[in-house]
Amino acid sequence: MSGERALRFTRSAEKDLRRLDPPIRKRVLGALDRLLAEDRSLDVRRLTGSELFRLRVGDWRVIFAYDRETGSLLVRRVLPRGRAYER
């Protein structure tokens, strides 16, 4: 696979990140950097019945889509565990 792996955010995800306390925001962004670097120790699961994945960062969930062709991640939401799975 050639090219740079990219990390992109929806407008909703950008808003979610701005609302986080700085230490939590730093943890979430650090986990996303590790995910791009293919760190296998992260808690990532595919959401049932969906093309989306979730990354667990403490009590927070990062909902994202993965593009196999480009290797890029599109972060859709960053939410507390209780709200992350609402439809």
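Residues numbered from 1 in each chain as written. Predicted model: local features only at pLDDT ≥ 70, side-chain atom pairs only at ≥ 80, totals over all residues. Heavy atoms only, no water.

Teacher, can you tell me more about the pattern of salt bridges here?
A side chain with one charge may pair with a side chain of the opposite charge, provided their charged atoms come close. Using the criterion set out here, one finds 6 salt bridges in the structure. Here aspartate 39 ties to arginine 34 by a salt bridge, and the two come within 2.9 Å at their closest N and O atoms. On the basis of relative accessible area, aspartate 39 is assigned to the partly exposed category, the value being 27%. Overall, the relative accessible area of 38% leaves arginine 34 in the partly exposed class. Taking the shortest distance from any N to any O, the salt bridge between arginine 46 and glutamate 51 comes out at 3.0 Å. Given a relative accessible area of 61%, glutamate 51 falls into the exposed group. A network of salt bridges, in which partner residues are shared, links Asp43, Arg54 and Arg56. (Salt bridge = Lys/Arg side-chain N within 4 Å of Asp/Glu carboxyl O. Buried < 20%, exposed > 50% of the residue type's maximum accessible area, 1.4 Å probe, protein only.)

Even after reading the chapter, I still don't get helix α2 (residues 22–36), so can you show me in this structure?
Side chains three or four residues apart in an α-helix point the same way, a direct result of the helix having 3.6 residues per turn. Given a rise of 1.5 Å per residue, 15 residues ought to cover 21 Å, and the 21 Å separating the end C-alpha atoms of α2 matches this to within 8%. Regarding α2, the residues found buried are Val28, Ala31, Leu32, Leu35 and Leu36. Each buried residue of α2 lies within a common arc of 145° when the element is viewed along its axis, so the set occupies one face. Exposed residues lying more than 90 degrees from the buried face of α2 are Pro22, Pro23 and Lys26. Packed against the buried residues of α2 are β1 (7–9), α1 (11–19), β2 (44–46), β3 (53–57), β4 (60–67) and β5 (72–80). A positive phi of about 65° marks glutamate 38, the residue just after α2. (Helix = DSSP H or I, 4+ residues; strand = E, 2+ residues; numbered from the N terminus. Expected span 1.5 Å × (residues − 1). Arc of directions from axis to C-beta. Contact = heavy atoms within 4.5 Å.)

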